[in-house]
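# What the coordinates show
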Amino acid sequence: QKEVEQDPGPLSVPEGAIVSLNCTYSNSAFQYFMWYRQYSRKGPELLMYTYSSGNKEDGRFTAQVDKSSKYISLFIRDSQPSDSATYLCARGGANSKLTFGKGITLSVRP
Amino acid sequence: DTAVSQTPKYLVTQMGNDKSIKCEQNLGHDTMYWYKQDSKKFLKIMFSYNNKELIINETVPNRFSPKSPDKAHLNLHINSLELGDSAVYFCASSQDKAPGGYTFGSGTRLTVV
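Overview of the structure. (Residues numbered from 1 in each chain as written. Chains lettered and ligands numbered in written order. Predicted model: local features only at pLDDT ≥ 70, side-chain atom pairs only at ≥ 80, totals over all residues. Heavy atoms only, no water.)

Take the interface of chain B and chain A next. Counting residues at the interface gives 23 residues for chain B, matched by 21 residues for chain A. At the junction of chain B and chain A, the tally comes to 1 salt bridge. Between Lys97(A) and Glu58(B) there is a salt bridge, and its shortest N-O distance comes to 3.3 Å. For the pair chain B and chain A, the interface holds 5 residue pairs in polar contact (both at pLDDT 80 or more). Elements represented by at least two residues in the side of chain B that touches chain A include exactly strand E4 (31-37), strand E5 (43-50), strand E6 (53-57) and strand E9 (87-94) of chain B. In terms of residues, the side of chain B that touches chain A owes the most to one element, E4(B), which gives 3 residues. Split by residue class, the side of chain B that touches chain A holds 12 nonpolar, 6 polar and 5 charged. (Contact = heavy atoms within 4.5 Å. Salt bridge = Lys/Arg side-chain N within 4 Å of Asp/Glu carboxyl O. Polar contact = N/O pair within 3.5 Å; in protein donor to acceptor, adjacent residues only side chain to side chain. Helix = DSSP H or I, 4+ residues; strand = E, 2+ residues; numbered from the N terminus. Nonpolar A, V, L, I, M, F, W, Y, C, P; charged D, E, K, R; others polar.)

Let us look at the nonpolar core. With 23 residues, the main nonpolar core has Trp35(A), Leu74(A) and Tyr87(A) as its most contacted residues. Secondary structure elements with two or more residues in this core: strand E3 (19-25), strand E4 (33-38), strand E5 (45-50), strand E7 (61-66), strand E8 (71-76), strand E9 (85-92) and strand E11 (104-109) of chain A. Dropping the residues within four chain positions of it, Leu74(A) is found in contact with Val19(A), Ser20(A), Leu21(A), Trp35(A), Leu47(A), Met48(A), Phe61(A), Thr62(A), Ala63(A) and Tyr87(A). With 20 residues, the next largest nonpolar core counts Val4(B), Leu11(B), Cys23(B) and Leu110(B) among its residues. (Core = buried A, V, L, I, M, F, W, Y, C linked by side-chain atoms within 4.5 Å. Buried < 20%, exposed > 50% of the residue type's maximum accessible area, 1.4 Å probe, protein only.)

Listed below in C-alpha cells is the structure:
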C-alpha cells in the first residue's frame, strides 16, 4: 500500500463550482499534512498545511484532516480558471521528508 | 530575487553522458532536497541534506551523487545517463524543525536521447 493515495484525475469543472480533492494516508506516525499547487512547467508551491484534525480555512480554500479515517481533503469554493493546476497532497515524516500523492490535474472552464 | 534557483532549466543529452544540475537557496534554510517528478507528475524524494550532511538517501542508483559544498547549495551529478533518467528534477529547501513546507525551485527538465 502506498503511503499517500490521491484520487485519480483529471478533473474538469465549470467556473464557480465547488471542488473537492481527496487523499488517504496509511501511516499515522506523523501528523502534519500539506497541499501543494503546481502550475504547468513550474515548481510546486505550498498552498496549505495543517497539523491537527479539523478544518483550516484560507480564503476560498479549506483543508480538512480526519485522522480517525486517515483522510485529507482540499475544498475550493467559487473555483476560477486561475485555479487550473495540478494539486498534490503530502504527508510530513521524519527528517522533514514529505511523501507526496500522485497529484490530480484540475481544469476550471470559464 | 529567486528563493530557490536551479540551473540549467532544460538539459538535453545523450545516453551515457555525465551531467550536473546546480541548486542554490537564499532563504537561510537548513535543509535542502532533490526530488524527481516523472511524466505522470509523481514527485519522489531522492536525497536531503541538513547543513551539508546527508540525511536522506532513498533507493536511488549510485550513478546519482549529490554534493553540498555549503548549506545554501546542493548539486546533483549524474553519471552514465540512461533513458529512464528523463524527468523533471526539483530542488527544494526547508527550515529545520519548522515543518511548514518546502520552497521548490522551478525544476530542471532533463531529456536523455
